[in-house]
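Residue-level structure breakdown
Below, each chain spelled out in residue letters.
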Amino acid sequence: MEEQMVENTSTQAPTQASSAGRKDIFEKCASYEEANRVRQLGVYPYFRSIEETRGNEVVCDGKTKVMIGSNNYLGLAQDPRVIEAACEAARKYGSGCTGSRFLNGNIRLHEQLEEELANFLQKEAVLLFSTGFFANQGALATLLEEGDAILCDRENHASILDGCRQSAAKTIPFAHNSADALRRRLARLPETAGKLLIVDGVFSMSGDIVDLPAMTKVAKEYGCRIYVDEAHALGVLGPKGEGTVHHFGMNQDVDLVMGTFSKSLGSMGGFVAGPEYVIDYLRHKARCFMFTASLAPAVAGGVLKALQILRSEPELMEPLWKNTRKMHEGFKSLGFKIGTTQTPIVPILIGSEVKAFMFAQKLYEEGIFATPAVFPAVRYGEAIIRTSYMATHTEQELDYVLETFGRLGREMGIFDDEAYTGGTKRNGYDFSSPKQQDAEAVRSATGENSSN
Ligand code: PMP
């Protein structure tokens, strides 16, 4: 019996294994076709291999592209001072910490980064996590218990949703950025239940800013704790780039702030900031803090330097906002819909899924790197090209982006898509459709050459 099991887990095709009436867990992988269908169309936009990064430009397939799909808002990922600090940390502590903070992997740099972040955010304490994803997962799964309720904006990031799922609490989604919807949900909960409101400060797809004053007011009426994910707000909003909470001057009202180093601070890793007694609890209970290796020295050293630069040069944010305003205005005057964005994240409505893939491919061929977001990341038939801007983009680069979007938009009939004309029937190509021949139809309908 044991021998048989060993055989089944190796190379047998799913159909053979399942023919015995058993479920093969690989069956779904063997029948997964969506990605291949997009590849066959020659418009697969993901996992593009970057051969070199030069600030705002990257080299792919030997050609230079303007990067408008990165979260490197302040350009600090390429700042020589940050790179030197990362190298210095690696020289001092080695290439990795080879263990968890809890045991052998706690270096002075981690502590210094926590202290400086706490000071910057004006919170009592900070706990670093190896990614922002882990920070959300760790905090939510650890702090929320059975009988508790998590009030979760419907557009919150996937790491928040996964954290909610991992906790024993009940997750209660509410309509995006609606304090009224939040109130209706809270009003139905038992007084005695522990409650947490969790929101993105800046929403990662739509680029809009949470209505923190209204949300906080409602949450407080119901004795609900407040947690804000500042991933896209750090280095972008607030007088010194401290994030949404400081932008609204509401630091005293928000219990916990989460952030990531993978965007404005140009590296990777995440953190949760709040009262010392809560952070200390997480330090000793959050499994994805305790049972994973700590941030590599180069990462901690680079992030610390990036933070110090942001603190001493908040004017770094000025060109970011100048570029942001230019792109908001530019896209709108070309006739594109950019939703409710208020930040450097600018989602360009395209409409059907296939057009979004085609559009991204054409952009790429014209030297612009940006990726589409399609259903289920956005509503079906309302696919977007998610663009985001940096302080370091030049006028010339941004003008080129606008000119290219405008021209392709007209050529590809974007403004006639039902997403623009307001029709109810969506003409999106359903990539989950089992019809192979549709690929050819899509190619010819969009005039795309099948050899692409
Ligand atoms: N929260 C939000 C709102 C995000 O956009 C992201 C990353 N896209 C994360 C958390 C996770 O951060 P990280 O990349 O550091 O894992």
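Residues numbered from 1 in each chain as written. Predicted model: local features only at pLDDT ≥ 70, side-chain atom pairs only at ≥ 80, totals over all residues.

1. Things to note about the overall build of the protein
- For the protein, the count of helices and strands is 19 helices and 14 strands.
- The proportion of buried residues among the 452 residues of the protein is 47%.
- Across the protein, contacts joining residues at least 24 apart in sequence account for 71% of those joining residues at least 6 apart. (Helix = DSSP H or I, 4+ residues; strand = E, 2+ residues; numbered from the N terminus. Buried ≥ 20, exposed ≤ 12 C-beta atoms within 10 Å, placed from the backbone. Contact = placed C-beta atoms within 7 Å.)

2. Some details on helix H12 (residues 276–285)
- What H12 keeps buried is the set Val278, Ile279 and Leu282. Relative to the axis of H12, the buried residues are bounded by an arc of 95 degrees and lie together on one face. Counted as exposed and oriented over 90 degrees from the buried face of H12: Tyr277 and His284.
- Looking at the buried side of H12, the elements it contacts are strand S4 (125–129), helix H7 (132–143), strand S9 (256–260), strand S10 (270–274) and helix H13 (287–290). (Arc of directions from axis to C-beta.)

3. Focus on the site of the ligand
- Taken together, 15 residues surround the ligand, and among them Gly132, Phe133, His157, Ala231 and Thr260 come closest.
- No other element matches H7, which puts 3 residues into the shell around the ligand.
- Partitioned by chemical class, the residues of the shell around the ligand number 3 nonpolar, 10 polar and 2 charged. (Near = placed C-beta within 6 Å. Nonpolar A, V, L, I, M, F, W, Y, C, P; charged D, E, K, R; others polar.)

4. Focus: the sheet that holds strand S2 (residues 57–60)
- If you walk across this open sheet you meet the 4 strands as S1-S2-S3-S12, and the pairing is mixed. Every other strand in the sheet has two partners, leaving strand S1 (52–54) and strand S12 (368–369) as the edge strands with one partner each.
- The pairing of S2 with strand S3 (residues 63–67) spans 4 bridges and is classified as antiparallel. Opposite Glu57, over in S3, you have Val66 as the bridge partner. (Pairing = 2+ DSSP bridges.)

5. A short note on the environment of Glu230
- The topology assignment puts Glu230 in the loop between strand S8 (225–229) and helix H11 (244–247).
- Distance from Glu230 to Asp200, taken between C-alpha atoms, is 6.4 Å for residues 30 residues apart in sequence.
- For Glu230, the contacting residues outside a window of four places in its chain are Gly201, Gly243, Thr244, Val257, Met258 and Gly259.

6. Comments concerning the nonpolar core
- Of all hydrophobic cores here, the largest spans 124 residues; its most connected members are Ile150, Leu151, Leu197, Phe271 and Val272.
- Counting residues per element, this core draws most heavily on helix H14 (residues 297–312), at 9 residues.
- Counting residues domain by domain, this core receives three or more from each of domain 1 (34–67 + 317–445) and domain 2 (79–312).
- What Phe271 contacts, discounting residues up to four positions off in sequence, is Leu117, Val126, Leu127, Leu128, Phe129, Ala135, Met258 and Gly259. (Core = buried A, V, L, I, M, F, W, Y, C linked by C-beta atoms within 7 Å. Domains from an automatic or database assignment.)

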